[in-house]
Amino acid sequence: LHEHPEVFRRYPLVPVHGIPLMEPIAQQWAPIENFEARPDDLLISTYPKAGTTWMQEIVDLIRSGGDVEKARRAPTYVRIPFLEICSPPPVPSGVDTLVDVPSPRVIKTHLPFQLVPKSFFENNCKIIYVARNAKDNLVSYYFFDRMNLTQPDPGPWDSYVKKFMEGKVAWGSWYDHVRRYWDERANHRILYVFYEDVKEDPAREICRVKDFLEIDLPEDIVQKITHHTSFQVMKENPMSNYSTFPETIFDKRIGSFMRKGEVGDWKNYFTVAQNEAFDADYQRKMEGTTLRFRDVL
Ligand code: A3P
């Protein structure tokens with residue numbers, strides 16, 4: 001990543017099976033689709049900006065039994081590789097990196113359910129899915145796309161809201177993404193976690209994750225993990241705050257990866273008219289699902 005700053009730019013989105021993905025991913029799609037999962041792989045799946053990094057830190061600390069020093073061995077993106085990430089050669093892809101990672105691997109993805117490589121399901125791999133309410137997710141994505149110099153420019157706020165509603169952003173429709181994983185819980189080993197729930201009671205949700213991973217931890221270790229995965233502590237930790245990421249990808253003059261970490265921040269950005277239009281559209285897009293996000297009004 002650091003060795004080839006010249007390859008990074010704002011890539012256009014190119015559809016892969018109908019889902020808009022960054023051009024280098026679309027160009028190198030075959031090795032992703034054919035990725036060979038192992039039975040003990042754990043997949044952390046999210047729509048972008050739903051709390052991926054937070055869950056990565058929680059999972060890494062659970063698996064190390066709360067060993068904070070061990071979790072500082074490398075930045076998040078090295079400890080838990082990103083399955084589908086691709087840059088133009090010679091930067092190694094996520095798939096290239098993962099081939100050499102010893103088992104048991106933890107893998108990050110933003111792929112919608114239908115694009116997750118089949119081998120994960122053939123091997124009955126566990127999946128932790130994190131979902132965040134649409135409006136906060138949108139706000140977070142808007143600010144991220146401003147500072148992430150490999151994503152399309154988000155443009156003005158009003159047009160970004162429309163793009164998000166239409167699913168014309170990287171990794172496609174938020175609505176389809178959260179709904180499909182919710183439905184697939186019945187068929188696969190998926191733990192569905194809400195960002196808002198982790199904010200409300202992190203120890204409770206950390207316990208859900210450790211139980212899902214079948215790892216026993218005493219109460220004091222759960223408390224320790226709660227502390228080390230709080231927004232403030234992760235924001236100060238160079239191994240979890242993306243401060244080590246190349247400037248050519250994240251422009252830290254424009255924004256910070258650990259931006260705010262709150263529930264309900266959307267209220268600071270949506271106008272009344274935008275909110276009404278968003279809600280009406282939301283009702284239509286989410287019709288028929290039992291998936292409910294808590295009221296963050
Ligand atoms: P904001 O932009 O709202 O601050 P992802 O890791 O999926 O890219 O998601 C990033 C979002 O999760 C950002 O949201 C970031 O601040 C938030 N986040 C990261 N770590 C967090 C933590 N420990 N507690 C709460 N929010 C966190």
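Refer to the structure printed above.
Residues numbered from 1 in each chain as written. Predicted model: local features only at pLDDT ≥ 70, side-chain atom pairs only at ≥ 80, totals over all residues. Heavy atoms only, no water.

Draft legend 1. Region of the structure containing the site of the ligand. Near the ligand you find 18 residues, and of these T52, T53, S140, K260 and G261 are the closest. Take T53: an N or O atom from its side chain is 2.5 Å from an oxygen atom of the ligand. At a separation of 3.2 Å, a nitrogen atom of the ligand approaches a polar side-chain atom of W54. Its free accessible area being 570 Å², the ligand has 98% of it covered by the protein chains. Of all the secondary-structure elements, those providing two or more residues to the shell around the ligand are α3 (52–63) and α14 (231–236). Looking at which element gives the most residues to the shell around the ligand, the answer is α3, with three residues. When grouped by side-chain class, the residues that make up the shell around the ligand number seven nonpolar, seven polar and four charged. (Near = heavy atom within 4 Å. Polar contact = N/O pair within 3.5 Å; in protein donor to acceptor, adjacent residues only side chain to side chain. Areas by Shrake-Rupley, 256 points an atom, 1.4 Å probe, with all protein chains shown as cover. Helix = DSSP H or I, 4+ residues; strand = E, 2+ residues; numbered from the N terminus. Nonpolar A, V, L, I, M, F, W, Y, C, P; charged D, E, K, R; others polar.)

Draft legend 2. Representation of the packing of aromatic side chains in the model. In total, this model carries 38 aromatic pairs according to the counting rule given. Aromatic side chains W174 and Y175 sit 5.2 Å apart centroid to centroid with 90° between the ring planes, which places their arrangement in the edge-to-face category. It is K126 that lies over the ring of F212; its NZ or CZ is 5.4 Å from the centre. One cation-aromatic arrangement involves K285 over Y175; the distance from NZ or CZ to the ring centre is 5.0 Å. (Phe/Tyr/Trp six-rings, centres within 6.5 Å; stacked < 30°, edge-to-face > 60°. Lys NZ or Arg CZ within 6 Å of the ring centre and 35° of its normal.)

Draft legend 3. Looking closely at the packing of helix α12 (residues 202–212) against helix α13 (residues 219–228). Where α12 contacts α13, the two axes come as close as 9 Å, and the packing angle between them is 115°. In terms of orientation, α12 lies roughly perpendicular with respect to α13. The handedness of the crossing between α12 and α13 is right-handed. Residues P202, A203, I206, C207 and K210 of α12 lie in contact with α13, whose contacting residues are V222, Q223, I225 and T226. Here the residues of the contact of α12 with α13 sort into six nonpolar, two polar and one charged. (Axes fitted to C-alpha atoms, helices over the stretch in contact; angles between N-to-C directions. Parallel < 35°, antiparallel > 145°, perpendicular 65-115°, else oblique. Left-handed = near helix turned anticlockwise from the far one by under 90°. Contact = heavy atoms within 4.5 Å.)

Draft legend 4. Layout of the sheet that holds strand β4 (residues 106–109). One open sheet holds the four strands; their spatial order is β4-β3-β5-β6, and the pairing between them is parallel. Here the strands that pair on one side only, and so sit at the sheet edges, are β4 and β6 (190–194). Taken pair by pair, the neighbouring strands of this sheet meet at an average axis angle of 20°, ignoring direction. The pairing of strand β5 (residues 126–131) with β6 spans five bridges and is parallel. Bridged to Y129 within β6 is Y192. (Pairing = 2+ DSSP bridges.)

Draft legend 5. Representation of the nonpolar core within the structure. Grouped together as the largest cluster of nonpolar side chains are 98 residues, with contacts concentrated most on I128, W174 and F278. Per-element accounting of this core gives the leading share, eight residues, to helix α8 (residues 134–147). The residues contacting F278, other than those within four sequence positions of it, are A134, K135, L138, V161, F164, M165, Y175 and F270. (Core = buried A, V, L, I, M, F, W, Y, C linked by side-chain atoms within 4.5 Å. Buried < 20%, exposed > 50% of the residue type's maximum accessible area, 1.4 Å probe, protein only.)

Draft legend 6. Region of interest: the packing of helix α10 (residues 174–184) against helix α15 (residues 272–285). Interaxial distance between α10 and α15 falls to 11 Å at its minimum, and their mutual angle equals 40°. On the basis of the axis angle, α10 is oblique to α15. Of the two possible hands of crossing, α10 and α15 adopt the one that is right-handed. Here α10 contributes W174, Y175 and R179 to the contact with α15, which in turn contributes F278, D281, Y282 and K285. Taken together, the residues that form the contact of α10 with α15 break down as four nonpolar, no polar and three charged.

Draft legend 7. How the structure looks around the pattern of salt bridges. Taken as a whole and judged by the stated rule, the model has 24 salt bridges. Taking the shortest distance from any N to any O, the salt bridge between R204 and E200 comes out at 3.0 Å. With relative accessibility at 34%, the residue R204 sits in the partly exposed group. Its relative accessible area of 46% is what places E200 among the partly exposed residues. Between D265 and R259 there is a salt bridge; the shortest N-O distance is 2.9 Å. Of the residues examined, D265 reaches a relative accessible area of 5% and is grouped as buried. By relative accessible area, which is 26% here, R259 ends up partly exposed. The network of salt bridges with shared partners includes D197, E200, D201, R204, E205, R208 and R294. (Salt bridge = Lys/Arg side-chain N within 4 Å of Asp/Glu carboxyl O.)

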